[in-house]
Amino acid sequence: MVASSWRVPVVAWVARVAGSGRPQGAVEPCYAAAAALTVWQRTEAGGMWRRRRAAPGCVCWPTERSGKLPHCVAMADFGSTQENHDAHTSTAQRRRRAAPTGGPGVTHRRRSRRPPAVPGQAAESAPADAAPPWRGREQLLLARERQVLERERAADARARGARPLRRHAALSAAQIAMLQQANANLVIASMEAVTLAEQVQQARNALLHQTHHDALTGLPNRVLLRDRLRQAIALAGRGRRRLAVMFLDLDRFKTINDSLGHGVGDLLLQQVAQRLVGCVRRSDTVSRQGGDEFVLMFPEVEQADDAGLFAQKILLAMAAPHLVEHHALHVGVSIGIGIYPEDGADADSLIRHADTAMYHAKENGRNTYCFFEPAMNTRAVLRQSTEASLRLALARQEFVLHYQPKIDLASGVVVGVEALVRWQHPQRGLLAPAEFVPIAEECGLILPLGRWVLRQACRQAQDWQLAGWPPMTMAVNTSPLEFGASDFVEHLRRTLAETGLAPSRLEIELTEGVLMRDASVSGGVLQAVAELGVKLAIDDFGTGYSSLSYLSQFPIHTLKIDQSFVSQIGSSAADATIVSAVIGMGKSLRKRVIAEGVETAAQCAFLRDHDCDEGQGFLFGRPMTADAIALLLRAGPRPCELL
């Protein structure tokens, strides 16, 4: 039964359970209850009412019309639907119309905690031989009560989540197996759905991490750095504090990358990143901008000098060698520092000014740090202007070639020259290669510039030969970008054909880094160049990180000792030993050896005494025009003792 069910209060004597006797003074029974009855009983006339539960099957007797108070009132339950309520209401109305005046009082009312009121007067009894009028109605009420009970049980089953089974219905073994399999599939599908959701979340987190972090080092990238820097600037502005931004660039990292390969370069970058992280606080940020550039942010700096202390700590940490695949690599760091708010009020200006200061640190000797100064902006603007003017210089024919002589140390005769490009700038005058060649390499203009130099040098060498001067070797520097071009050999062959210069009169100078970038590819290109009859020379020999095995692998003709060793011959015994060792090794391998940067007669005498083949430097002549070279040739041999 439910709490909201409708009940029919019946004023009656409660006889024995399942009994048939009629108490004295009672009329015919109202009905035999099919369900439990709620009974309100009085212990004595005028006493307290007590609520009890009568068992199913009890027989209820109405009171006679004697004015005597009943001992109890029985409440029979008939369900909770409005339909049953209407049915019970109509039945009660029919009973009132059929019953004689003053008969048993039967009323409908909602469930109450208090017993219903007892009628003041009882109805007169019906004749004993008349058929009971309630017999058919009682059967109808009992049938409806059973239907209500069935519906309530079904509702309870649905509320518990169970589907009520039909009476006399049984599941077969196949149906049970099917239900078990379906349940197992449902469990498996649920587990797979959970696993898939976890995988999707992991993929989303990985994608978010990749969006904001560098793939090689795992450091924050420029996107995450700018976001953190903007937040730090906002906090520093409210708190009136300073913060520092450092722009770091590895010194000569390109040489390592070219000589040992990009794999070693990547491992070196990872080690550098780890050392940088070890140099900062947990509140600081180390970011990789790309290539060999890193940006560090220090959100809490009391004074600008504190940033300098951080820079010194980083330089000291980078001084130790990096062990990468059995190579002990030494790499320096150039650092530029920008301070908020003095050097910029937003993230972009701070990073830009720190970058400008970093280039100034490179110009000051590398492996050092430099604070940004407003005057540096002038240099940055000049650099940008130089790049813009470079793009027009070739079309305007503003480049010229100068030639530095190479002297045979034994005889003092000019045996060759090296072509060196100069830029006749319309406003700034004659510019040396150091002022524009690095910029040309960065912006990609070195390829057309290098090919122009090769064509002009070959044409000038052929002009000297046609003028009747003794044959000389024309040396031309080749950049990594030129050497790596797919049509390098073909362009070289075409240039020689156009100018008419004999291949044996041309010498291509390459650095060790260019040769060792990809030994298999470089070997094929070098072999093709040698088959043309062109000579190959290693420039700045001894400054690279490559193995000496390439001297026997590649068709090298000449070794050029770097001027950093030659300049220290008179003051450093170690450098003098290196020079003599290189000369001896070259002679053993049957290579021609040239010393660069010869500036004193003592250096010239040392080189000649150790059987160095040629010398090149200010002692013999600075880079000069083609007409000046013609005058030098007319002057004749210049032995060391006469210089």
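Now for a description of the structure that goes with this document.

Cut-offs and rules
Residues numbered from 1 in each chain as written. Predicted model: local features only at pLDDT ≥ 70, side-chain atom pairs only at ≥ 80, totals over all residues. Heavy atoms only, no water. Helix = DSSP H or I, 4+ residues; strand = E, 2+ residues; numbered from the N terminus. Contact = heavy atoms within 4.5 Å. Areas by Shrake-Rupley, 256 points an atom, 1.4 Å probe, with all protein chains shown as cover. Core = buried A, V, L, I, M, F, W, Y, C linked by side-chain atoms within 4.5 Å. Buried < 20%, exposed > 50% of the residue type's maximum accessible area, 1.4 Å probe, protein only. Pairing = 2+ DSSP bridges. Right-handed = clockwise from strand over helix to strand, strands pointing away. Phe/Tyr/Trp six-rings, centres within 6.5 Å; stacked < 30°, edge-to-face > 60°. Lys NZ or Arg CZ within 6 Å of the ring centre and 35° of its normal. Salt bridge = Lys/Arg side-chain N within 4 Å of Asp/Glu carboxyl O.

This part is about the overall build of the protein. If you tally the helices and strands in the protein, you get 20 helices and 22 strands. For the protein, contacts bridging at least 24 residues in sequence account for 69% of all contacts bridging at least 6. When the accessible surface of the protein is summed, it comes to about 34,200 Å², and 53% of that surface belongs to carbon and sulfur atoms.

A separate point is the nonpolar core. Residues F399, Y403, V421, F436, M474, L506 and L607 are the most contacted members of the largest nonpolar core, which totals 76 residues. In terms of residue count, the dominant contributor to this core is helix 11 (residues 446-466) (nine residues). The next biggest cluster of nonpolar side chains, apart from the first, holds 33 residues, and it includes F253, V280, A307 and V324.

Taking burial as the measure, the five residues of strand 21 (residues 592-596) include four buried ones, the bulk of the element. Relative to strand 21, strand 20 (residues 558-561) is paired through four bridges, and the arrangement is parallel. Paired with L559 across the two strands is V593, which belongs to strand 21. Sheet analysis places strand 21 next to strand 22 (residues 614-616), joined by three bridges and oriented parallel. By the bridge assignment, A595 is partnered in strand 22 with G615. Each parallel crossover has a hand, and the one from strand 21 via helix 19 (residues 601-609) to strand 22 is right-handed.

Considering all chains together, one arrives at eight aromatic pairs under this definition. When the ring of F298 is compared with that of F310, the centres are 4.5 Å apart and the planes differ by 20°; the resulting orientation is stacked. With a gap of 12 residues between them, F298 in strand 9 (residues 293-301) and F310 in helix 7 (residues 304-319) connect regions that are remote in the sequence. The residues F298 and F310 share a single accessibility class, namely buried. On the basis of an interplanar angle of 80° and a centroid distance of 5.7 Å, the ring pair of W423 and F436 is categorised as edge-to-face. A residue pair is termed long-range when its members are at least 10 positions apart, and W423 in strand 15 (residues 414-425) and F436 in the loop between strand 16 (429-431) and helix 10 (437-443) qualify at 13 residues. Take W423 and F436: they sit in the same class, and that class is buried. Each residue in the set F399, W423, F436 and W452 is aromatic and connected to the rest through ring pairs, giving one cluster. For the cation-ring pair, R622 lies above F618, with the distance from its terminal atom to the ring centre recorded as 3.9 Å.

It is worth spelling out the pattern of salt bridges at this point. If charged atoms from side chains of opposite charge come close, those side chains can pair. This structure, assessed with the given rule, holds 20 salt bridges. Put simply, E398 and R396 hold a salt bridge, and the shortest N to O gap is 3.8 Å. Judged by its relative accessible area of 52%, R396 falls in the exposed class. Among the ionic pairs, K560 bridges to E596, the shortest N-O distance being 3.4 Å. Of this pair, K560 sits in strand 20 while E596 sits in strand 21; the two residues are 36 residues apart in sequence, bridging distant segments of the chain.

Keep in mind these numbers describe shape, not what the thing actually does.
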